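Per-entry structural report
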Amino acid sequence: MQFSACGNYKTRYEDETTIFPNDTGRVFVAALLVFLATLPWWLSPYLVFVTTLIGLFIVGAVGLNILTGSTGQISLGHGAFMGLGAYAAALLAQAGLPFWLAIPLAGAVTAVAGAFFGIPSLRVKGLYLALATLAAQVILQFAFNLFDSRGGGTSYLSVPEPTLFGWTLDRDRMFFYVVFATVVLGVYAALNLFRTRVGRAFSAIRDNDRAAAAMGINVFKYKLLAFSIAAFYAGVAGALWAYASGVVSAERFTLLLSVEYLAMIIVGGLGSVLGSIMGATVITVLPEVLRVLADSLSQVLPQATHLFLAMRFAVFGLIIVGFLMFESQGLADRWRVIKTYFNTWPFRY
Amino acid sequence: MDFLLQLLVNGLVIGSVYALAALGFVLIYKSSRVLNFAHGDFLALGTFVAFALATSLHLPVVPSILLTLVCFFVLGLVVERVVLRPLIGKEIIAVIMVSVGLSSVIKGVMYLIWGPGYFLFPEFMPDIPIIIGDLYLSPLHLLALAVSAAFLGLFSLFFKHSTLGVAMRAVADDQQAALSLGVSVRKIFAIAWGIALLSAVAAGVIVGSITSLSTEGLATIGILVFPAVIVGGLDSIPGAVIGGLLIGVLENLTAGFIDPMLGVSLRSVVPFIVLVVILMLKPYGLFGTVEIERV
């Protein structure tokens, strides 16, 4: 076993693209996975639910980071795509499909929608494209509302609890493992995506799309591919969300969710899978922390009635602005700096 | 026929407000290439500040509106200096997200002070409808139309004839050429933000006095500005005005004719369908500058 290299001994391209340069990372990740697998057995059901939420948002954030961080296409519609996945999964589950079929199918449906709303990327880019995805958000959100109000009044879709071989995977504990496995699979796939031809084409398009086209990359095809991969991840995240919460309604999949997703990848670090994980964790935990804080504050200040709502918006906004101004590379880069420091400690180089 | 006319008039009233809001939005985009997602929130905040000055401090309505306009011009200068200037030259997503962050902070502040409820702007003129034939006109609507038109007229005079206005157009056209002619681009950026917030507040107060005040309702105008500016072209000031009017009329026509037919309210989504169609067919809008890329 090799734990740390004291220099750069890489001689082949394959060495540069390995996921783990040495065994420290492997041991660390294995220990982390084992630790996470024990969580449902000693955490309170509420905290297990929060962890499940973190997991499914990690899936969504990894997807958005492939599109926005690595391919350079801004999407303001990621929340709506997640919603589409949730609705698709709920309908498929009601039709009697098992969850292990409904979740990827919901992802596939969302991927098609994602590719459709990626079509404007053929002609427009940058800010104009951001607005096209904003329109996708508004239109899908409208469709969800329309669906909720079918037959007059509001009726929410309920999702049956997932079952596997006759066992019910209860939402408090066992479903955590479904999300956990999906996160591992999704992260593994994303890490490997960037070691392939497709991943390199994405980076080339982000860095300079005209140069990429000149090198023979079919820019439009790869942009659509990026859109549909991102939407697939969002759809899977939405499907997991549908199963985890048991009820699907339009109000969760607003523009705010899309913005939260963008905040996740900015806080974590654009173009970094590790960053997506860190960002999704921070942004999902934040409202839970604020809720506790607001509850204790409202006992001191009883006149402030909408404290939680206000704090949620204000702190969320301050985090985005703060990260952009002072830590624009995100948490993943800070982690890298810390790691480098300890790699060579006590020397500075 | 009269129904159609009524819808057109209502559409023009609300459209003129969109035009006013879109004008500030385009101004920011044209000078500094920032897509201001916080526009609707600044608009809402301004309206609430004017409301608070008039109700809590018991100032007369018109001076409190004027005071708010001045305050927001200054706020625009400050926001540009403190938040936007450090991000000049950063990638698009940073610039978009900083305005999204600002929007969130403003929402938080507004929820903290006013909460999510509805408020009514103090009445400052008798609301006796004027009836011409079958046409029902509220004097408030007419005033709104007149004020919007006056603001738009003032702005067009400002851009055509004042030195500062010409300098702003020069910066929007070609920053380097403007710099070499001695225009201070920094100053222009700051003033663009000042004017943009000023016009946003004007639009907000008009909407607020026609309908009611709520954080969410007013901030939605910031989202509706996007279809308006895309229809007109992101970087065209006349385009913003025409786009705003078109979206206002379109909304009302949809509400009047298509919604009763289908039984669902398409009103809120039609502008965005138009946005997608325009982006696919004529991406730079009616009057926008077509971005030509040469290698």
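My aim in this report is to walk through the structure given alongside it, one point at a time. Only a predicted model underlies this, so the values are computations on that prediction, with no experimental measurement involved.

**Side note on the overall build of chain B**
Regarding its fold elements, chain B presents eleven helices and two strands. In chain B, the succession of helices and strands from N to C terminus is α-α-α-α-β-β-α-α-α-α-α-α-α. Along the three orthogonal principal directions, the C-alpha set of chain B runs to about 60 × 50 × 35 Å. Considering chain B as a whole, with its 295 residues, one finds that 50% of them fall into the buried category. Considering only contacts in chain B between residues 6 or more positions apart, those separated by 24 or more positions represent 75%.

**A look at the overall build of chain A**
Across its full length, chain A holds 14 helices and four strands. For chain A, the spread of C-alpha atoms along the principal axes amounts to about 65 × 50 × 50 Å. Buried residues in chain A amount to 44% of all 349 residues. Intrachain contacts of chain A at a sequence separation of at least 6 include 74% that bridge at least 24 residues.

**A closer look at the environment of glutamate 260 of chain A**
Residue and element names in this part refer to chain A. Its place among the elements puts glutamate 260 in helix α11 (residues 255–268). In this structure glutamate 260 comes out as buried when scored by C-beta crowding, with 24 C-beta atoms within 10 Å. Considered as a pair, glutamate 260 and isoleucine 283 are 23 residues apart in the sequence and their alpha carbons are 7.2 Å apart.

**A short note on the nonpolar core**
Counting 199 residues, the largest nonpolar core has Ala89, Ala239 and Leu240 of chain A together with Ala21, Ala22 and Leu23 of chain B as the members making the most contacts within it. In this structure alanine 21 of chain B touches His39, Leu43, Ala200, Ala203, Ile221 and Val225 of chain B, once residues within four positions along its chain are discounted.

**Structural notes on the interface of chain B and chain A**
Listed per partner, the contact involves 37 residues of chain B and 38 residues of chain A. Looking at the side of chain B that touches chain A, the elements that each hand over two or more residues are α4 (92–114), α9 (215–232) and α11 (270–281) of chain B. With 17 residues, the single largest contributor to the side of chain B that touches chain A is α4 of chain B. Residue composition of the side of chain B that touches chain A, grouped by class: 29 nonpolar, six polar and two charged.

**Topic: helix α4 (residues 78–94) of chain A**
Residues and elements named next belong to chain A. The terminal C-alpha atoms of α4, which comprises 17 residues, lie 24 Å apart, in line with the 24 Å expected from a rise of 1.5 Å per residue. Taken across its 17 residues, α4 has 15 buried, putting it largely inside the fold. Two residues or fewer after α4 comes glycine 96, characterised by a positive phi angle close to 100°.

**So, the packing of α9 of chain B against helix α10 (residues 237–262) of chain B**
Residues and elements named next belong to chain B. At their nearest, the axes of α9 and α10 sit 7 Å apart, and the two run at 120° to each other. As summarised for this structure, α9 and α10 are arranged oblique, according to the angle between their axes. Crossing handedness for the pair α9 and α10: right-handed. Mapping the contact onto sequence places Leu224, Pro227, Ala228, Val229, Val231 and Gly232 in α9 and Gly239, Ala240, Ile242, Gly243, Gly244, Leu246 and Ile247 in α10.

**A few points about the environment of alanine 192 of chain B**
Residue and element names in this part refer to chain B. Note that alanine 192 resides in helix α8 (residues 185–210). Sequence separation between alanine 192 and methionine 168 is 24 residues, and the spatial gap between their C-alpha atoms is 7.8 Å. Beyond its immediate stretch of four places on either side in the chain, alanine 192 contacts Leu27, Ile28, Ser31, Ser32 and Met168.

Conventions we followed
- Residues numbered from 1 in each chain as written.
- Chains lettered and ligands numbered in written order.
- Predicted model: local features only at pLDDT ≥ 70, side-chain atom pairs only at ≥ 80, totals over all residues.
- Helix = DSSP H or I, 4+ residues; strand = E, 2+ residues; numbered from the N terminus.
- Buried ≥ 20, exposed ≤ 12 C-beta atoms within 10 Å, placed from the backbone.
- Contact = placed C-beta atoms within 7 Å.
- Core = buried A, V, L, I, M, F, W, Y, C linked by C-beta atoms within 7 Å.
- Nonpolar A, V, L, I, M, F, W, Y, C, P; charged D, E, K, R; others polar.
- Expected span 1.5 Å × (residues − 1).
- Axes fitted to C-alpha atoms, helices over the stretch in contact; angles between N-to-C directions.
- Parallel < 35°, antiparallel > 145°, perpendicular 65-115°, else oblique.
- Left-handed = near helix turned anticlockwise from the far one by under 90°.

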